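Residue-level structural notes
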Amino acid sequence: DGVAFILLGLGDVAYALGEYAAAREYSQRALAISEELGRKDWVAVNLRGLGNVAYALGEYAAAREYYQRALAINEELGRKGEVAVNLFGLGNVAHALGEYAAAREYYQRALAIFEASGQEHFAQTVREKLKNLEDGRPADDD
């Protein structure tokens, strides 16, 4: 399980550096190990990472699928913070695809969880996305 954790970290670093192909590879390898170990929490984190990569590459259908799979697992596990992050990702996908009503719903659900848990930094980020949505600006216009 240490290998999966290291691969997850490498995937995060590669993503932060904009090295999306490497991030995808690390995350896929970590996902496979996490699934083999039955670590649903890690599976969900790796699915989110793959969703982030797909979103960054404009692969919105794939991003949506990864975020939805992660969301289902996190809801099952009761991981509210991760549920909110997945909802935020789904909001970004919907926003980018021009599905504004769906984006608003995802963002509002994420915002409620972040506010209830006192995660003001994340709540503010969601408020900014909602403002972009209201102003007719793109999802990534920060």
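Before reading further, recall that the structure is shown in the block above.
The following refers to the structure shown. (Residues numbered from 1 in each chain as written. Predicted model: local features only at pLDDT ≥ 70, side-chain atom pairs only at ≥ 80, totals over all residues. Heavy atoms only, no water.)

Considerations on the overall build of the protein
Along the protein, the regular secondary structure elements total 7 helices and 0 strands. For the protein, the sequential pattern of α-helices and β-strands runs α-α-α-α-α-α-α. Taking 14 Å as the expected radius of gyration for a compact globule of 142 residues, we find that the protein reaches 15 Å, a close match to that expectation. By principal-axis analysis of the C-alpha atoms, the protein measures approximately 45 × 30 × 25 Å. Expressed as a percentage of its 142 residues, the buried residues of the protein come to 39%. Restricting the contact set of the protein to residue pairs at least 6 apart, pairs at least 24 apart contribute 49%. About 7400 Å² of surface is accessible on the protein, with carbon and sulfur atoms providing 53% of the total. (Helix = DSSP H or I, 4+ residues; strand = E, 2+ residues; numbered from the N terminus. Rg over C-alpha atoms; globule rule 2.2 N^0.38 Å. Buried < 20%, exposed > 50% of the residue type's maximum accessible area, 1.4 Å probe, protein only. Contact = heavy atoms within 4.5 Å. Areas by Shrake-Rupley, 256 points an atom, 1.4 Å probe, with all protein chains shown as cover.)

What about helix α1 (residues 2–16)?
Across its 15 residues, α1 extends 21 Å between first and last C-alpha, which sits within 8% of the 21 Å expected from 1.5 Å per residue. For α1, every residue scored as buried is listed here: A4, L7, L8, G11 and A14. Buried residues along α1 cover an arc of 130° about the axis, so they all sit on one side. Across α1 from its buried face, at more than 90 degrees, point the exposed residues F5, I6 and A16. On its buried face, α1 sits against α2 (20–37) and α3 (40–56). (Expected span 1.5 Å × (residues − 1). Arc of directions from axis to C-beta.)

A few points about the environment of S27
Turning to its location among the elements, S27 is positioned in helix α2. For S27, a relative accessible area of 5% corresponds to the buried category. Between the C-alpha atoms of S27 and V45, which are 18 residues apart in sequence, the distance is 9.1 Å. Ignoring anything within four residues of it in the chain, the contact list for S27 reads G11, N46 and L50.

What about the nonpolar core?
Grouped together as the largest cluster of nonpolar side chains are 31 residues, with contacts concentrated most on L47, Y107, A110 and V126. Apart from the residues within four sequence positions on either side, Y107 is in contact with F88, G91, N92, H95, V126, K129, L130, L133 and A139. (Core = buried A, V, L, I, M, F, W, Y, C linked by side-chain atoms within 4.5 Å.)

Digging into the environment of Y26
Inspection of the secondary structure puts Y26 in helix α2. Sequence spacing of Y26 and G11 is 15 residues, and the spatial spacing of their C-alpha atoms is 5.0 Å.

Overview of the side chain of N74
Assignment of secondary structure puts N74 in helix α4 (residues 60–77). Relative accessible area serves as the criterion here: at 0%, N74 is assigned to the buried category. Residue contacts for N74: discarding those within four places in its chain leaves A44, R79, E82, V83 and N86.

Overview of the packing of aromatic side chains
Applying the stated criterion to the full structure yields 5 aromatic pairs. Consider the rings of Y15 and Y20, whose centres lie 5.5 Å apart with planes at 55°: the pair is tilted. The class of Y15 is partly exposed, set by a relative accessible area of 31%. Over the ring of W42 we find R39; its NZ or CZ atom is 4.1 Å from the centre of that ring. (Phe/Tyr/Trp six-rings, centres within 6.5 Å; stacked < 30°, edge-to-face > 60°. Lys NZ or Arg CZ within 6 Å of the ring centre and 35° of its normal.)

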